[in-house]
Amino acid sequence: MRAFTSVLLVAGFAPLVAAAGTSGTFEAGKRGHVLVPVSVNGGATRPFVVDTAASQTVLDAGEFAALAGSESAPAGHGAHARAAHGSFAARPATVESLALWQIEQRNQFAALMTLSELTHGKEPDFAGVLGVPFLRNYRLDLDYPARRLALEEQDGELPACDICDPASAVPLGMLPGGLRSVPVTVNGQQMTALFDTGAARTILNEAAVAALGLTEAGFGESIGTASIALGSLPARDLPVSRIDLPVFGTLQLDEQPALILGIDYLGAGRMVLDLAAGQVWFKAADD
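Note that the coordinates shown come from a computational prediction; the quantities given were computed from them, not determined experimentally. Numbering of residues starts from 1 in every chain and runs along the sequence as written. Residue-level local features of this predicted model are given only where pLDDT is at least 70; pairs of side-chain atoms are given and counted only at 80 or more, and the full residue set underlies all totals for whole chains, interfaces and linings. Excluded from the side-chain calculations are hydrogens and water; all other atoms, namely the structure's heavy atoms, are used.

### Points about the pattern of salt bridges
To be explicit about the condition: The working definition used for a salt bridge is a side-chain nitrogen of Lys or Arg within 4 Å of a carboxyl oxygen of Asp or Glu. Burial classes: relative accessible area under 20% of the type maximum marks a residue as buried, over 50% as exposed, and values in between as partly exposed (1.4 Å probe, protein chains only).
Inspection of every chain in the model, using the stated rule, returns seven salt bridges. The partner of Arg-148 in a salt bridge is Asp-141, with the nearest N and O atoms 4.0 Å apart. Arg-148 gets classed as partly exposed once you look at its relative accessible area, which sits at 35%. The network of salt bridges with common partners includes Asp-141, Arg-148, Asp-162 and Arg-270.

Structure representation (structure tokens):
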């Protein structure tokens, strides 16, 4: 997947147990992804992508082949993953322990797949993906310029948040697979955006391309520049991509102007994401 890693799992499963909150610094991947150190079943930490548009936790089938025999679905049932540019084979597995910094979730269901298929055969710089089933148990405070991430436990009283003014909250819409969308303005036009920290670039669907008058601009990772405004963030000019992605149809966003809002936009400052409450807050880096 040239542009992003996000996957929508069919035949996914719900997670079971979450633990307390934590915080730490993350690394930016080769394409800007948020990479955090995750330990699987007590093993050495490996880089995982924090992906708000992945409907399941994903592990590399090669590196975690020993989990392939885990009993995690009824006999005869498998799974397949729909990524941006197609559908890929995936095998369900149970992970006894999934730990990030000081938090641990136990007995988690995950999907095993060959991650190099998502990167067009290139060696990925990550060993897995932390998706919505893991992330929704916490309020995420992501400061991309500072390379800082905090996961605050939803169970109980959340710590004070200096940017979480109810008046400035941006509502999150619901998409298939439990994924979230946000309303955005692109060149003055209202559109729907998939909220996707796992996407390296912002990508327009064909309806958005037509609405913006970019039909003759060709295809590729940079067909032009668009002014994108979201929430309290000032409008920002950003290169946009035009790639024919099946994911827009999967998420029922192919008949309206829509886009995938990637980390190239979301990483411009700090955001606090509350999936349980369906709200997100933003603060520009220079505020």
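### Description of the nonpolar core
Going by this rule: Grouping buried Ala, Val, Leu, Ile, Met, Phe, Trp, Tyr and Cys residues that are joined through side-chain atoms within 4.5 Å yields what is termed a nonpolar core. Contacts are assigned to residue pairs that have any heavy atoms within 4.5 Å of one another.
Val-182 and Leu-261 are the most contacted members of the largest nonpolar core, which totals 73 residues. Once residues lying within four places of it in the same chain are set aside, the contact partners of Val-182 are Val-170, Pro-171, Leu-172, Met-191, Thr-192, Ala-193, Phe-195, Leu-230, Leu-261 and Val-280. Formed by 11 residues, the second largest nonpolar core is a distinct cluster that contains Leu-35, Ala-54, Val-58 and Ala-90.

### Quick word on the state of the cysteines
Test applied: Note on terminology: disulfide denotes any pair of cysteine sulfur atoms within 2.5 Å.
Taken as a whole and assessed by the stated rule, the structure comprises one disulfide. Here Cys-161 pairs with Cys-164 through a disulfide, and the sulfurs are 2.0 Å apart. Torsion about the S-S bond of the Cys-161 and Cys-164 cystine: about 65°, corresponding to right-handed handedness. Exposure class is identical for Cys-161 and Cys-164. Each is buried.

### Focus on the sheet that holds strand β21 (residues 269-274)
What counts here: A pair of strands counts as paired when DSSP detects no fewer than two bridges linking them. Strands are runs of DSSP state E lasting at least 2 residues, helices are runs of H or I lasting at least 4, and numbering of each runs from the N terminus.
The strand order β2-β12-β11-β21-β22-β13 describes an open sheet built from six strands, whose pairing is antiparallel. The sheet terminates laterally at β2 (22-25) and β13 (170-171), the two strands that pair on one side only. Bridging between strand β11 (residues 138-143) and β21 involves five bridges; their strand directions are antiparallel. Each residue of the ladder has a partner; that of Arg-139, found in β21, is Asp-274.

### Things to note about the environment of Ala-285
With respect to the helices, strands and loops of the structure, Ala-285 is situated in the segment after β22 (279-284). Sequence separation between Ala-285 and Asp-143 is 142 residues; the distance between their C-alpha atoms is 8.7 Å. With residues up to four places along the chain from it excluded, the contact list for Ala-285 reads Pro-145, Ala-268 and Gly-269.

### Description of the pairing of β11
Regular strands have side chains that alternate between both faces of the sheet. Burial analysis of β11 places five of its six residues in the buried class, the great majority of the element. Sheet analysis places β11 next to strand β12 (residues 148-153), joined by six bridges and oriented antiparallel. Directly across from Asp-143, in β12, lies its bridge partner Arg-148. Once β11 ends, the chain turns through four residues before running back antiparallel as β12, passing Arg-147 with a positive phi of about 55°.

### Observations concerning the packing of aromatic side chains
As a reminder of what qualifies: Only centres within 6.5 Å qualify two rings of Phe, Tyr or Trp (six-membered ring in Trp) as a pair; their planes then separate them into stacked at under 30 degrees, edge-to-face at over 60, and tilted for everything else.
Scanning the entire structure with this criterion turns up four aromatic pairs. Ring centres of Phe-134 and Tyr-138 lie 6.0 Å apart, and the angle between their planes is 40°; this geometry places the pair in the tilted category. Comparing Phe-134 with Tyr-138, the two get one shared label, buried. Seen from their ring centres, Phe-195 and Phe-282 are 6.2 Å apart, and the 50° between their planes marks the pair as tilted. Of this pair, Phe-195 sits in strand β16 (residues 189-195) while Phe-282 sits in strand β22; the two residues are 87 residues apart in sequence, bridging distant segments of the chain. Each member of the pair Phe-195 and Phe-282 is classed as buried.

### Concerning the confidence of the model for the chain
This is how it is decided: Per-residue confidence from the prediction method is given by pLDDT, with values spanning 0 to 100.
In the predicted model, the chain carries a mean pLDDT of 84, and 84% of its residues have values of at least 70. Note that pLDDT drops below 50 for residues 71-78; the model gives that stretch 11 contacts with residues more than four away or on any other chain.

### Here's the deal with the environment of Ala-89
Secondary-structure assignment places Ala-89 in strand β8 (residues 86-100). A C-alpha to C-alpha distance of 8.6 Å links Ala-89 and Leu-112, two positions 23 residues apart in sequence.

### Quick look at the side chain of Asp-196
Rules: Residues scored as charged are limited to Lys and Arg (positive) and Asp and Glu (negative), so that His and the chain ends carry no count. A 3.5 Å cut-off defines polar contacts: any pair of N or O atoms within that distance qualifies, except that in protein one atom must be a possible hydrogen donor and the other a possible acceptor, and neighbouring residues in sequence count only when both atoms are side-chain atoms.
With respect to the helices and strands, the residue Asp-196 is situated in the loop between β16 and β17 (203-204). There is no salt bridge for the buried Asp-196, and the closest opposite charge comes from Arg-31, which lies 11 Å off by N-O distance. Among the polar contacts listed, one links the side chain of Asp-196 to the backbone nitrogen of Ala-199, at a separation of 3.2 Å.

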